[in-house]
Amino acid sequence: MGMTLAEKLLANGAGLKEVEPGQLIKVKTDVVLGNDVTAPVAIQEFNKLGVNEVFDKEKVVLVPDHFVPAKDIKSAELSKQMRDFAYDKQIKNYFEIGEMGIEHVILPEKGLVLPGDIVIGADSHTCTYGALGAFATGVGSTDMAAAMATGETWFKVPETIKFHYHGKLNPFVGGKDLILHTIGKIGVDGARYQAMEFVGETIRKLSMDNRFTMSNMAIEAGAKVGLIEPDEVTLHYVRDRAKRPFKLFYSDVDAKYIEEYDFDVSKIEPTIAFPHLPENTHPISEVGEIWVDQVVIGSCTNGRLEDLRAAAQVLKGQKVNPNVRLIVFPGSQNIYLQAMKEGLIEIFITAGAAVSTPTCGPCLGGHMGILAKGERAISTTNRNFVGRMGHPESEVYLASPYVAAASAVKGRIASPEEVIKPGEVA
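Residues numbered from 1 in each chain as written. Predicted model: local features only at pLDDT ≥ 70, side-chain atom pairs only at ≥ 80, totals over all residues. Heavy atoms only, no water.

Caption draft 1: How the structure looks around the nonpolar core. In this structure, Ile-272, Val-295, Ile-297, Leu-326, Phe-348 and Ile-413 are the most contacted members of the largest nonpolar core, which totals 47 residues. Shared between two domains, this core holds at least three residues of each, these being domain 1 (5-248) and domain 2 (272-418). Each residue touching Phe-348, except ones within four places of it in the same chain, is listed here: Leu-308, Ala-311, Ala-312, Leu-315, Val-328, Ala-353 and Val-355. (Core = buried A, V, L, I, M, F, W, Y, C linked by side-chain atoms within 4.5 Å. Buried < 20%, exposed > 50% of the residue type's maximum accessible area, 1.4 Å probe, protein only. Domains from an automatic or database assignment. Contact = heavy atoms within 4.5 Å.)

Set out below in structure tokens:
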């Protein structure tokens, strides 16, 4: 019997010829990741183990990104715990303010995660790296602590759902719309503890930035991982970034899938997730007059360079509605710098946006963009649960950078075609 991509990756990590769904296995980890919210707990547990060193100084990665720049004394102390641990254990991949970025943006950018890897991170959106053909998933802080000590973790091999995408994308439709549409069809528990495998001609034509967006939100369908087989697009991205050798894995033609879905993307419009679940999706043509107070463009979902370019195409020559606060968060320092060189930052500021240093702050309602009672935001982030970005009586709508930028101009959820015509897009 053939194996799926997820099964092949796990078999390789476990040193086995084959694995099957439901099997409990122990695997070696290529990357163990933590941030300023989850790593301090992991460090406390690590210290209880009586181990003096981490298993590999290059494979443990620590990124303070959730509450940085530190918003208060408690968050400063969390970062200090990470900093002291990184220095004490001589961890090579610790990224401080000035060189840091949002963890799931900078790890691929720096070539620290690669095709064929087994990656665990004490953050649910670690599944982002599935876009590279890596088995990448979120774990708890105690599992992170054990992996930092041993270089190993355990999994129950998941079943795999295959998602086929074919046809030509409509103007202003990209990876964010595809994944929101998919979650809208299967629900937030539609792939619970299963692997999502994204395939088809549409996927093959997607850029890496769009692929990262899709894999990033696999967890919003309950998935363990969101996988895309590596191809020439993947190799073009990783060749000059890779710091070590990597392996490519592919599903067998006779692999067994628990379920398969087929999507004609020519029928997919820009898609918005209404409060308070990512599955509550609506095409832009069915959205009524919904006024917003705040627009957020950024995050580990849509804070990459292509996302900023998309937003800038809409905002160029426009002004943010006076009743709206627009906040833009580049995903990394490198992206910020490139956006400056391309004139994107000037477009944002001229339009009336506030441009921030990279941080996860507003996405999780941490800082730098908290919503008050009764306020409404449209955001390129990944979650819109009750109270996700602030007061429990606030509302969050999820959308692409195109839709978010258009909404900032109009002051209400708007189609980008209300601001620019498809033919005007570079």
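Caption draft 2: Highlighting the packing of helix H11 (residues 305-315) against helix H13 (residues 344-351). Here H11 crosses H13 at 45°, and the two axes come no closer than 9 Å. Judged on the interaxial angle alone, H13 and H11 are oblique. Seen along the crossing, H11 lies across H13 with a hand that is left-handed. Packed against H11, whose contacting residues are Leu-305, Leu-308, Arg-309, Ala-311, Ala-312 and Leu-315, the element H13 presents Leu-344, Ile-347, Phe-348 and Ala-351 at the interface. Of the residues assigned to the contact of H11 with H13, the class counts are nine nonpolar, no polar and one charged. (Axes fitted to C-alpha atoms, helices over the stretch in contact; angles between N-to-C directions. Helix = DSSP H or I, 4+ residues; strand = E, 2+ residues; numbered from the N terminus. Parallel < 35°, antiparallel > 145°, perpendicular 65-115°, else oblique. Left-handed = near helix turned anticlockwise from the far one by under 90°. Nonpolar A, V, L, I, M, F, W, Y, C, P; charged D, E, K, R; others polar.)

Caption draft 3: Structural detail: the pairing of strand S14 (residues 294-298). Along S14, five of the five residues are buried, which leaves the element largely enclosed by surrounding structure. Side chains of S14 alternate between two faces, with Gln-294, Val-296 and Gly-298 and Val-295 and Ile-297 buried alike. As paired strands, S14 and strand S15 (residues 325-329) are joined by five bridges and run parallel to one another. Bridge assignment links Val-296 to a residue of S15, and that residue is Ile-327. Inspection of the sheet shows S14 paired to strand S17 (residues 376-379) by three bridges, in the parallel sense. Pairing of Val-296 across the sheet is with Ser-379, part of S17. (Pairing = 2+ DSSP bridges.)

Caption draft 4: The domain arrangement of the protein, seen in detail. Looking at the protein, the domain boundaries give domain 1 (5-248) and domain 2 (272-418). Here domain 1 and domain 2 have C-alpha centroids that lie 24 Å from each other. Every contact between the two is made by 36 residues of domain 1 and, on the other side, 39 residues of domain 2. The junction of domain 1 with domain 2 conceals about 3000 Å² of combined surface from both sides, 61% of it contributed by carbon and sulfur atoms. Summed over the three residues of domain 1 that lose the most area to domain 2, namely Ile-102, Phe-172 and Lys-176, the buried surface amounts to 22% of that side. One can count one salt bridge joining domain 1 with domain 2. As a salt-bridge pair, Glu-220 and Arg-383 come within 3.0 Å of each other at their nearest N and O atoms. Where domain 1 meets domain 2, there are 23 residue pairs in polar contact (both at pLDDT 80 or more). Among the residues making up the side of domain 1 that touches domain 2, the classes are represented as 15 nonpolar, 13 polar and eight charged. (Buried area = accessible area lost by both parts, 1.4 Å probe. Salt bridge = Lys/Arg side-chain N within 4 Å of Asp/Glu carboxyl O. Polar contact = N/O pair within 3.5 Å; in protein donor to acceptor, adjacent residues only side chain to side chain.)

Caption draft 5: Representation of helix H12 (residues 333-341). All of the buried residues along H12 are Ile-335, Tyr-336 and Ala-339. Looking down the long axis of H12, one finds its buried residues gathered within 105° of arc, a one-sided arrangement. Contacts made by the buried residues of H12 are with helix H4 (103-109), H11, H13 and strand S16 (354-355). Of the residues trailing H12, Gly-343 is marked for its positive phi of about 85°. (Arc of directions from axis to C-beta.)

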